[in-house]
Amino acid sequence: MKHRLAPALPLLVGGGLLIGTLDLLFAFGFWAPRGATFTGILHSIAAGWYGAQSREMGLHSAVVGALSHYLIASAFVLAYWAAAGRRPALLRHPWICGSAYGVALYLAMNFIVLPLSAAGAPSFADTAWVASSVVAHALIGVLCAWFARKARRY
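Residues numbered from 1 in each chain as written. Predicted model: local features only at pLDDT ≥ 70, side-chain atom pairs only at ≥ 80, totals over all residues. Heavy atoms only, no water.

1. Brief notes about the packing of aromatic side chains
For step 1, the next point in the chain: On inspection of all chains with the given rule, the structure shows 8 aromatic pairs.
For step 2, the next point in the chain: Centroid distance F26 to W129: 5.3 Å. Interplanar angle 10°. Geometry classified as stacked. With F26 in helix α1 (residues 5-31) and W129 in helix α6 (residues 127-151), the pair connects residues that are 103 residues apart, well separated along the chain.
For step 3, the next point in the chain: Note on F111 and F124: the rings are 5.1 Å apart at their centroids and 10° apart in plane angle, and the pair reads as stacked. Remark: F124 occurs in the loop between α5 (94-116) and α6 and F111 occurs in helix α5; sequence separation between them is 13 residues.
For step 4, the next point in the chain: Among the aromatic side chains, those forming a connected cluster through ring pairs are F26, F30, W31 and W129. (Phe/Tyr/Trp six-rings, centres within 6.5 Å; stacked < 30°, edge-to-face > 60°. Helix = DSSP H or I, 4+ residues; strand = E, 2+ residues; numbered from the N terminus.)

2. Comments concerning the environment of V63
For step 1, the next point in the chain: Examined against the element boundaries, V63 turns out to sit in helix α3 (residues 59-86).
For step 2, the next point in the chain: Since its relative accessible area comes to 40%, V63 is described here as partly exposed.
For step 3, the next point in the chain: Distance from V63 to W31, taken between C-alpha atoms, is 19 Å for residues 32 residues apart in sequence. (Buried < 20%, exposed > 50% of the residue type's maximum accessible area, 1.4 Å probe, protein only.)

3. Quick look at the side chain of S74
For step 1, the next point in the chain: Following the sequence through the fold, S74 ends up in helix α3.
For step 2, the next point in the chain: The residues contacting S74, other than those within four sequence positions of it, are V13, G16 and L17. (Contact = heavy atoms within 4.5 Å.)

4. Considering the environment of I72
For step 1, the next point in the chain: In this fold, I72 is placed in helix α3.
For step 2, the next point in the chain: It is 9.8 Å that separates the C-alpha atoms of I72 and L17, two residues lying 55 residues apart in sequence.

Remember, this is a structural readout, not a statement about activity or role.
What follows is the structure, given as C-alpha cells:
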C-alpha cells in the first residue's frame, strides 16, 4: 500500500516540533547549570550559519537558530518516514531501528554536518555532554520511529 505524504505531514511536522522542543530542553537542562541561557543555545545553533559572530547578532540569530533547529528535527522525522516506506522493518522494530537511527543522526551531525558548517567541528572534551547527547539522540530516533509509524497509517 502506497502512503501519501499530504495526510501524514501534520503528524510528521508535529513530531519534529515535539522532538525539537525536547532536544532544546535537554540542551538547556544540561548547560543552564553551567551558565548557558536559552538564547545562547539558539545562538549556538545559528553558529552553523554565522559562525562565532552569531552570539553577537541578538534576536536575529536566535530566531534563525530556532527555525533551523525545528526544520532539522522535522526533516529527521520525515526522512525516517520516507525510509520506512521502503523498509517496513523500521516500523516493526521502532526501539532497535529508531535508536540506531538516532545514533546515526548524532554521528552525521557531529562528524559531517557541523564540520562543514560555519560552526566548525565540535569538541568532544566534555564526556558527560557527549555521552548524554548520544543517549538523547537514540531517544530522538525512537521518537522519529514512533511518529513515522503513526503517520504510516494514513
